[in-house]
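# Chains, contacts and geometry: an overview
What follows is each chain in one-letter form.
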Amino acid sequence: MKKVIIASILILVVPYLIVTLCIKEEKMNFQFGSNLMIRVKRNATGNIEKVPFEEYITGVLAGEMPVNFELEALKAQAVAARSYAMKKMEQNQNNEFDVVDTVSNQVYLDDATLKERWKDDYPEKINKIKTAITETNGEYLTYDGAVIQAFFFSTSTGKTENVEEVFVQALPYLRSVDSSWDAEVSPVFQVTTEFSLADFYSKLNLPYQESLQIEFTKTTSTGRVKELLINGTPFKASDVSSNLNLRSTFFSFEQIGNNVKIETKGFGHGVGLSQYGAQAMAKKGYTYDQILKHYYQGVEISKI
């Protein structure tokens with residue numbers, strides 16, 4: 001009888017233990033010795049290149065933030081870019097590549113491209129970039145011990161966005177925070193664009209009408225538009241922004257005769273680190289870790 005009971009228990013327990021021990025979230029043990037390379041898909045050629053990790057971060061920092069920014073802002077961007085890349089490496093362990101080299105992930109410019117672009121200014125600019133990389137070497141952001149989803153963008157509307165109001169999943173460290181200082185430094189904080197009414201309708205694949213009626217049906221808590229009706233036709237604000245090549249979905253419309261004037265505020269999706277916000281904070285004397293912990297709430301800076 002005892003043997004039957006023990007056998008029954010083993011039949012029930014062993015599969016549970018196997019599942020429990022084997023099916024775990026796949027995390028990477030990031031060490032410069034073993035995880036030195038990141039697999040980058042080049043958009044122009046479709047080739048997948050293995051790039052030394054810190055060399056990749058150097059190319060991302062050069063591609064994503066103006067080199068004339070304050071060093072503390074560049075350092076904050078370097079840590080955010082490193083965190084973003086590490087998260088992608090975790091998520092794509094079983095895929096062909098980790099990241100693409102465009103705004104779909106992070107813009108990456110290789111050294112040859114930087115030499116061609118910067119010409120005589122290359123030594124000075126690359127040294128500044130490498131200083132930001134060296135002074136944050138191996139640093140990345142964690143929340144409860146896990147690498148964060150380190151979204152970043154150009155310019156806020158005065159506040160950043162709660163992540164779930166723009167994307168899908170709510171994350172405790174990607175909350176709406178004040179970034180009113182963007183207005184002081186960003187050249188694209190507020191931009192006016194004008195279209196002819198015919199061009200406006202054409203870009204949105206709508207029939208021409210002399211009168212334009214627009215209603216915002218869903219907005220975020222900061223006022224960024226999520227959904228709207230244009231002459232009764234429903235649109236996602238992101239689609240309107242993309243089709244009209246606008247800088248953000250924080251917009252307003254005004255018909256002036258046969259033209260449409262659109263005012264946008266901010267540049268980008270609005271979640272996480274505001275790059276011009278980081279620049280403004282750096283100018284005010286904030287350090288890179290203070291900047292990061294403002295835009296990513298409750299995070300810690302860890303080191304590979």
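Residues numbered from 1 in each chain as written. Predicted model: local features only at pLDDT ≥ 70, side-chain atom pairs only at ≥ 80, totals over all residues. Heavy atoms only, no water.

## Focus: the confidence of the model for the protein
In the predicted model, the protein carries a mean pLDDT of 91, and 88% of its residues have values of at least 70. Counting interchain partners and residues more than four positions distant, the pLDDT-below-50 stretch residues 1-25 has two contacts. (pLDDT = per-residue confidence, 0-100. Contact = heavy atoms within 4.5 Å.)

## Comments concerning the side chain of Asn92
Positionally, Asn92 belongs in the loop between α3 (71-91) and β3 (99-100). Within the structure, the side chain of Asn92 is placed 2.8 Å from the side chain of Asn95, a separation counted as a polar contact. Look past the residues within four positions of Asn92 in its chain and what remains in contact with it is Arg39, Phe97 and Asp98. (Helix = DSSP H or I, 4+ residues; strand = E, 2+ residues; numbered from the N terminus. Polar contact = N/O pair within 3.5 Å; in protein donor to acceptor, adjacent residues only side chain to side chain.)

## Overview of the packing of aromatic side chains
If you walk through the whole model with that rule in mind, you get twelve aromatic pairs. Aromatic pair Tyr56 and Tyr108: ring centres 5.3 Å apart, planes at 35 degrees, arrangement tilted. On the criterion of sequence distance, the pair formed by Tyr56 in helix α2 (residues 53-64) and Tyr108 in the loop between β3 and α4 (111-118) is long-range, its members being 52 residues apart. Residue classification places Tyr56 among the buried positions, given a relative accessible area of 0%. A relative accessible area of 4% places Tyr108 in the buried class. (Phe/Tyr/Trp six-rings, centres within 6.5 Å; stacked < 30°, edge-to-face > 60°. Buried < 20%, exposed > 50% of the residue type's maximum accessible area, 1.4 Å probe, protein only.)

## What to know about the nonpolar core
Grouped together as the largest cluster of nonpolar side chains are 60 residues, with contacts concentrated most on Ile38, Tyr56 and Tyr296. Listed by contribution, the elements that provide at least two residues to this core are β1 (37-41), α2, α3, α4, α5 (122-134), β4 (139-143), α10 (275-283) and α11 (288-295). When residues of this core are assigned to their parent elements, the largest contribution, eleven residues, is made by α3. Once residues within four sequence positions are removed from consideration, Tyr56 is found in contact with Ile38, Val40, Val51, Ala85, Val99, Gln106 and Tyr108. (Core = buried A, V, L, I, M, F, W, Y, C linked by side-chain atoms within 4.5 Å.)

## Here's the deal with the pattern of salt bridges
Scanning the model with the defined rule gives 14 salt bridges in all. Put simply, Arg42 and Asp110 hold a salt bridge, and the shortest N to O gap is 3.5 Å. Taken as a pair, Arg42 in the loop between β1 and β2 (48-52) and Asp110 in the loop between β3 and α4 lie far apart in primary sequence, 68 residues in all. Taking the shortest distance from any N to any O, the salt bridge between Lys284 and Glu184 comes out at 3.2 Å. Of this pair, Lys284 sits in the loop between α10 and α11 while Glu184 is found in helix α7 (residues 182-185), placing the two residues 100 residues apart along the sequence. Given a relative accessible area of 45%, Lys284 falls into the partly exposed group. Through salt bridges with shared partners, a single ionic network connects Arg42, Glu49, Asp101 and Asp110. (Salt bridge = Lys/Arg side-chain N within 4 Å of Asp/Glu carboxyl O.)

## Quick word on the pairing of strand β8 (residues 214-219)
Where β8 lies against strand β9 (residues 225-230), five bridges are found, and the strand directions are antiparallel. Residue pairing for β9: Thr219 is matched across the bridge by Val225. Counting the residues between successive antiparallel strands, the hairpin from β8 to β9 contains five residues, one of them, Gly223, with a positive phi of roughly 105 degrees. (Pairing = 2+ DSSP bridges.)

## Regarding the sheet that holds strand β10 (residues 233-236)
The sheet built from three strands is open, its strands ordered β8-β9-β10 with antiparallel pairing. Looking at which strands have only one partner, the edges of the open sheet turn out to be β8 and β10. Between one strand axis and the next, the sheet turns through 25 degrees on average, direction left out of account. Pairing analysis gives four bridges linking β9 to β10, with the strands arranged antiparallel. Looking at β10, one finds that Ile230 is bridged to Thr233. (Axes fitted to C-alpha atoms, helices over the stretch in contact; angles between N-to-C directions.)

## Some words on the layout of surface pockets
Space inside the largest pocket adds up to approximately 1,100 Å³. Lining the largest pocket are 38 residues, and of these Phe153, Phe167, Phe267, Gly268 and His269 sit closest to its centre. Of the residues assigned to the lining of the largest pocket, the class counts are 17 nonpolar, twelve polar and nine charged. Empty space within the second largest pocket amounts to approximately 250 Å³. Along its surface, the second largest pocket is lined by 15 residues, and Lys87, Gln149, Gln169, Leu171 and Tyr173 are the ones closest to its centre. When grouped by side-chain class, the residues that make up the lining of the second largest pocket number eleven nonpolar, two polar and two charged. (1 Å grid on protein atoms, 1.4 Å probe; cavity = no way out; pocket = protein on both sides within 12 Å on 5 of 7 lines; lining within 4 Å. Points joined across faces, edges and corners; volume = space filled by probe spheres on them. Nonpolar A, V, L, I, M, F, W, Y, C, P; charged D, E, K, R; others polar.)

## Details of the pairing of strand β12 (residues 259-265)
Covered by surrounding structure in β12 are Val260, Ile262 and Thr264 only, the residues Asn259, Lys261, Glu263 and Lys265 on the alternate face being uncovered. Bridge count between strand β7 (residues 190-196) and β12: seven bridges; the pairing is antiparallel. For Phe195, the partnering residue across the bridge sits in β12 and is Val260. With six bridges joining them, strand β11 (residues 251-256) and β12 adopt antiparallel strand pairing. Residue pairing across strands places Ile256 opposite Asn259, the latter belonging to β12. Following β11, the chain reverses through two residues before pairing antiparallel with β12; Gly257 in that reversal takes a positive phi of roughly 65 degrees.

## Overview of the packing of α2 against α3
Packing of α2 against α3 brings their axes to within 9 Å, and their N-to-C directions diverge by 125 degrees. The angle between the axes of α2 and α3 places the two elements in the oblique class. Crossing of α2 over α3 shows right-handed handedness. Residue-level contacts link Phe53, Glu54, Tyr56, Ile57, Val60 and Leu61 of α2 to Leu74, Gln77, Ala78, Ala81, Arg82, Ala85, Met86 and Met89 of α3. Its residues assigned to classes, the contact of α2 with α3 shows eleven nonpolar, one polar and two charged. (Parallel < 35°, antiparallel > 145°, perpendicular 65-115°, else oblique. Left-handed = near helix turned anticlockwise from the far one by under 90°.)

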